[in-house]
Amino acid sequence: MRIKRILTAGTAALTALVLLTACGDEDDPLADLGLPSASDMASLASLINEHAACQNLEADPADWDYMKDEAKDPSWGIKERAHCFDEGGDDITLLLLDDMQKFQNQSAKAEKQLLIGRDFAVVPVSDETGQALAPSKMMFLSCRPGFTTPSGYKKIDGLADGCVMSNYIPLV
């Protein structure tokens, strides 16, 4: 009798855990895409370093203007901005995001193109670095009209009208 109660309680607890986990994924429309995630700049730089290079990481550099104003504007949903250099000395902008929906809404208005994970965006200046990051499972977010992909690549509607996400990373 005691074992039966323990099994019943265990089953109920497991069911509750599964339901709670499923509810969390419903809140994240990007959950099923297998995008990488980064909890802080160190983990984002580490992810980049697995495929390319992110050297001399600097938090919110005063002398690097790319997306500087956007990072200060709460409507963009940017939590933190940083900058590093790839192996060729070209710039990479790193953005940790609080809200991907806000970020894509503003990117649509600005017609931005960049790489995204579940909770971050990366903007490499070098096409070679962009191509090197393709195996990282980041997706290319294009909020420019007319973006197309060659056959065999995913092209998924973004979270904002006018944006698409793709595993095809073009030279830009």
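Along every chain, residues carry numbers that run from 1 in the direction the sequence is written. With pLDDT at 70 or above as the cut-off, local features in this predicted model cover only qualifying residues; side-chain atom pairs require 80 or more to be listed or tallied, and sums for whole chains, interfaces and linings still use all residues. Here the side-chain values reflect all heavy atoms present in the structure, with hydrogen atoms and water set aside.

**Remarks on the overall build of the protein chain**
Threshold: Each helix corresponds to a stretch of at least 4 residues labelled H or I by DSSP, and each strand to a stretch of at least 2 residues labelled E; elements are numbered beginning at the N terminus. Only protein chains enter the accessibility calculation, which uses a 1.4 Å probe; a residue is then buried when its area is under 20% of its type maximum, exposed when over 50%, and partly exposed in between. By definition in these notes, contact holds between two residues if any of their heavy atoms fall within 4.5 Å. Methods summary: accessible areas were calculated by the Shrake-Rupley approach with a probe of 1.4 Å, and residue burial reflects only the protein chains presented.
Tallying secondary structure elements over the protein chain gives 5 helices and 8 strands in all. Counting helices and strands in the order they occur from the N terminus, the protein chain gives α-α-β-α-β-β-α-β-β-α-β-β-β. With 172 residues in all, the protein chain has 40% of them scored as buried. Considering only contacts in the protein chain between residues 6 or more positions apart, those separated by 24 or more positions represent 60%. Roughly 9,700 Å² of accessible area belongs to the protein chain as shown, and the carbon and sulfur atoms make up 52% of that amount.

**Considering helix H4 (residues 100–110)**
So the rule is basically this: By definition, the arc is the one covered by directions from the helix axis to the C-beta atoms. Throughout this description, a polar contact denotes any pair of N or O atoms lying within 3.5 Å of each other; where both atoms belong to protein, one of them has to be capable of donating a hydrogen while the other can accept it, and for residues adjacent in sequence the pair is counted only when both atoms sit in side chains.
If you check which residues of H4 are buried, you get Met100, Phe103, Gln104, Gln106 and Ser107. The arc that holds every buried residue of H4, seen down its axis, measures 165°, which confines them to one face. Where H4 is buried, its residues contact strand S2 (78–85), strand S3 (91–97), strand S4 (113–116), strand S5 (120–124), strand S6 (139–142) and strand S8 (164–166). Between a side-chain oxygen at the N-terminus of H4 and the backbone nitrogen of glutamine 101 the separation is 3.0 Å; the capping residue is aspartate 99. Among the residues trailing H4, glutamate 111 stands out with phi positive, at a value near 55°.

**Some words on the pattern of salt bridges**
For side chains of opposite charge, pairing can occur when their charged atoms come near one another. Note the threshold: Note on definitions: salt bridges are taken to be side-chain nitrogens of Lys or Arg within 4 Å of carboxyl oxygens of Asp or Glu.
If you walk through the whole model with that rule in mind, you get 2 salt bridges. The salt bridge involving aspartate 65 is made with lysine 68; its shortest N-O contact spans 4.0 Å. A salt bridge links glutamate 70 to lysine 112, with the nearest nitrogen and oxygen atoms 3.8 Å apart. With glutamate 70 in helix H3 (residues 68–72) and lysine 112 in the loop between H4 and S4, this residue pair connects regions lying 42 residues apart in the sequence. Assigned by exposure class, glutamate 70 and lysine 112 land together as buried.

**Notes on the side chain of serine 126**
Relative to the helices and strands, serine 126 resides in the loop between S5 and helix H5 (127–132). When near neighbours in sequence (up to four residues on either side) are disregarded, serine 126 contacts Asp86 and Asp90.

**Description of the pairing of S4**
Rules: Criterion used throughout: strands pair if DSSP finds at least two bridges between them.
Burial along S4 is two-sided: Gln113 and Leu115 and Leu114 and Ile116, pointing in opposite directions, are all buried. Note: S4 against S5, 2 bridges, orientation antiparallel. Note that in S5 the partner of isoleucine 116 across the bridge is alanine 121. What sits between S4 and S5 in their antiparallel hairpin is a turn of 3 residues.

**Points about the state of the cysteines**
Applicable threshold: Disulfides are defined as cysteine sulfur pairs within 2.5 Å.
Applying the stated rule across the entire model yields 2 disulfides. Paired by a disulfide, cysteine 54 and cysteine 84 hold their sulfur atoms 2.1 Å apart. For the disulfide bridge between cysteine 54 and cysteine 84, the dihedral angle about the S-S bond is near -115°, and by the sign convention the bridge is left-handed. In this pair, cysteine 54 is assigned in the loop between helix H2 (41–49) and strand S1 (55–59) and cysteine 84 in strand S2, connecting sequence segments 30 residues apart. Relative accessible area serves as the criterion here: at 0%, cysteine 84 is assigned to the buried category. The disulfide that involves cysteine 143 links it to cysteine 163, with 2.0 Å between the sulfurs. Judged by the sign of its S-S torsion, about 105°, the bond between cysteine 143 and cysteine 163 is right-handed. Separated by 20 residues along the polypeptide, cysteine 143 in the loop between S6 and strand S7 (155–157) and cysteine 163 in the loop between S7 and S8 bring together distant segments of the chain. Side by side, cysteine 143 and cysteine 163 carry an identical accessibility label, which is buried.

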